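# Architecture at a glance
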Amino acid sequence: MLKRTDKKRNADSKWIWTARTDILSLMSENPCRLSILVLGLLIFPATEPAAQEIHGAAPSTATKSVPESRHIDPDMWEAVQKLGNGDGGEGIQASNKLLRSPRRAIPALLNGLDDPNKKVRRGALFILEEIGNPKVVPDIERKILQDEDFLVRAQAMSIIESFMTYDWFPILVRVIETDKATFCRRTAIGKLSYLYADKAVPILRKSLQDSDLGVRLTAARELGRHQDDAGYELAVQSLSHEDRRIREAATEALGYIGRKESLEMLRNIIAVADTRRDRGLVWEVIRSIQRIEFRYVPEAQKLAHLETAMRDPRPAVRDWASRELYAMDNGDAEALLKKIIAEPKHIGEREARRALQGISNRKKRSRNPFVRIPAELAELWRFRLILLAPLLGLFD
């Protein structure tokens, strides 16, 4: 029978994996006893000791050589290093190799989060998102708050949707209040608004006082998503700003705020804009006009309205319509996108394919078993199994 030498070890120790493996040998001794444990065994995450101790595996400073840790596979570490090669063939092959062996890859990926090459750090975050193991959450939080490169911090924030068993609200608020990079503050505002809509508005209103105008306009846009027009005057005033990017952000904010009186101002911008020099601004104005008009379309007619928009000769309109269909997140929208793709030479085929791919990726994330089963539930069943073990005669 099993010998538990250290009764003080917690449920995440190596003993758990050893017990899980050795219990299978009980089948030959007492099949009835084993059947009682089946439910507990199914709940156990299929992780090896190497994956369970990943947080202690990575040294504080990564080097190009394999780190001195028995938990890091040399082949996996070599693949992680190749993530710094960007989107070339080597980088893609390395990504595929890591995704095929997630358990072996995780320790190397976590070590890669401290690599001197910021491209390696960003690539490691991307792969960790695809794997979706909630055990890496502390490392993602550390990257959000402490990485020296603002793009790495933003990348870490961009993947938190795959780890929603953890409460990111206080982390995002901290970034909004303390991060020196305006890009990171804008990213955090967008994530906070999307993931925590029920309690985001007070933080968004506070962000209207941010020192950076771009951050303030991002807050105004996100308030508009929540039917709050507190940023309306700020957006109107910013339409005449000398910086084209600020004008684009103001236009986008007005589109989400959705006031009808904005339509005339936006149409006047198109009338005087240089369609070549101000192409980005014109696109944003067109999308904002469509967004405002769509807000007042009766619910029963919205799908037909989007179907018509997908045939519009203006790419900006089709781009907006495809995004709306993606956001609707229902079977009717998905069926319409498939219908458009199936129709020969449909003008909106490219936009429809992009939206349908986005829906497919969203479904893939929802099927991730690590996301679907809360960590607390797994811990509960581990604890129950440990309590039952003595009663079932697993220990002499």
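See the structure printed just above.
Below you will find a few notes about this structure. Fair warning: this is a prediction, and the values are worked out from it, not measured in the lab.

### Side note on the pattern of salt bridges
One pass over the full model with this rule turns up 34 salt bridges. Between Lys-363 and Glu-334 there is a salt bridge, with its nearest N and O atoms 3.0 Å apart. Of this pair, Lys-363 sits in helix H21 (residues 349-366) while Glu-334 sits in helix H20 (residues 331-342), and the two are 29 residues apart along the sequence. Exposure remark for Lys-363: the relative accessible area of 37% places this residue in the partly exposed category.

### Some thoughts on the packing of helix H18 (residues 302-309) against helix H19 (residues 315-328)
Orientation of H18 relative to H19, taken along the N-to-C sense of each, is 145°, at an axis distance of 8 Å. Here the hand of the crossing between H18 and H19 comes out left-handed. Counting all contacts with H18, which are made through Leu-303, His-305, Leu-306 and Ala-309, the residues of H19 involved are Val-317, Arg-318, Trp-320, Ala-321, Glu-324, Leu-325 and Met-328. Class assignment of the residues belonging to the contact of H18 with H19 gives a composition of eight nonpolar, one polar and two charged.

### A look at unusual backbone geometry
Its identity as a non-glycine residue notwithstanding, Asp-329 has a phi of 55°, on the positive side. One can find Asp-329 in the loop between H19 and H20. Even without being glycine, Lys-345 reaches a positive phi, approximately 60°. By secondary structure assignment, the location of Lys-345 is in the loop between H20 and H21.

### Points about helix H12 (residues 197-207)
Those residues of H12 not exposed but buried are Ala-200, Ile-203, Leu-204 and Ser-207. Angular distribution of buried residues about the axis of H12 spans 105°; they occupy a single face of the element. Residues of H12 that are exposed and point more than 90 degrees away from the buried face comprise Asp-198, Pro-202 and Lys-206. Buried residues belonging to H12 abut helix H10 (169-178), helix H11 (182-195) and helix H13 (213-225).

Basis of the calculations
- The numbering scheme is per chain: residues are counted from 1 as the chain's sequence reads.
- Residues qualify for local features only when their pLDDT is at least 70, as the model is predicted, and side-chain atom pairs are given and counted only at 80 or more; totals for whole chains, interfaces and linings, by contrast, use all residues.
- Here the side-chain values reflect all heavy atoms present in the structure, with hydrogen atoms and water set aside.
- Salt bridges are identified by distance alone: a Lys or Arg side-chain nitrogen within 4 Å of an Asp or Glu carboxyl oxygen.
- Secondary structure elements are taken from DSSP: a helix is a run of H or I of four residues or more, a strand is a run of E of two residues or more, and numbering for both begins at the N terminus.
- Categorising residues by exposure relies on relative accessible area from a 1.4 Å probe, with only protein chains included: less than 20% of the type maximum marks a residue as buried, more than 50% marks it as exposed, and the intermediate range marks it as partly exposed.
- To get an axis, fit a line to the C-alpha atoms, keeping to the stretch in contact for a helix; angles then go from 0 to 180 degrees between the N-to-C directions.
- Two helices crossing with the near one rotated counterclockwise from the far one by less than a right angle form a left-handed crossing, whereas a clockwise rotation gives a right-handed crossing.
- In what follows, residue pairs with any heavy atoms lying within 4.5 Å of each other are defined as contacts.
- Under the scheme applied, nonpolar residues are Ala, Val, Leu, Ile, Met, Phe, Trp, Tyr, Cys and Pro; charged residues are Asp, Glu, Lys and Arg; polar residues are all the others, including Gly.
- Note: the arc covers the axis-to-C-beta directions of the helix.

By themselves, these figures tell us nothing about what the structure is for.
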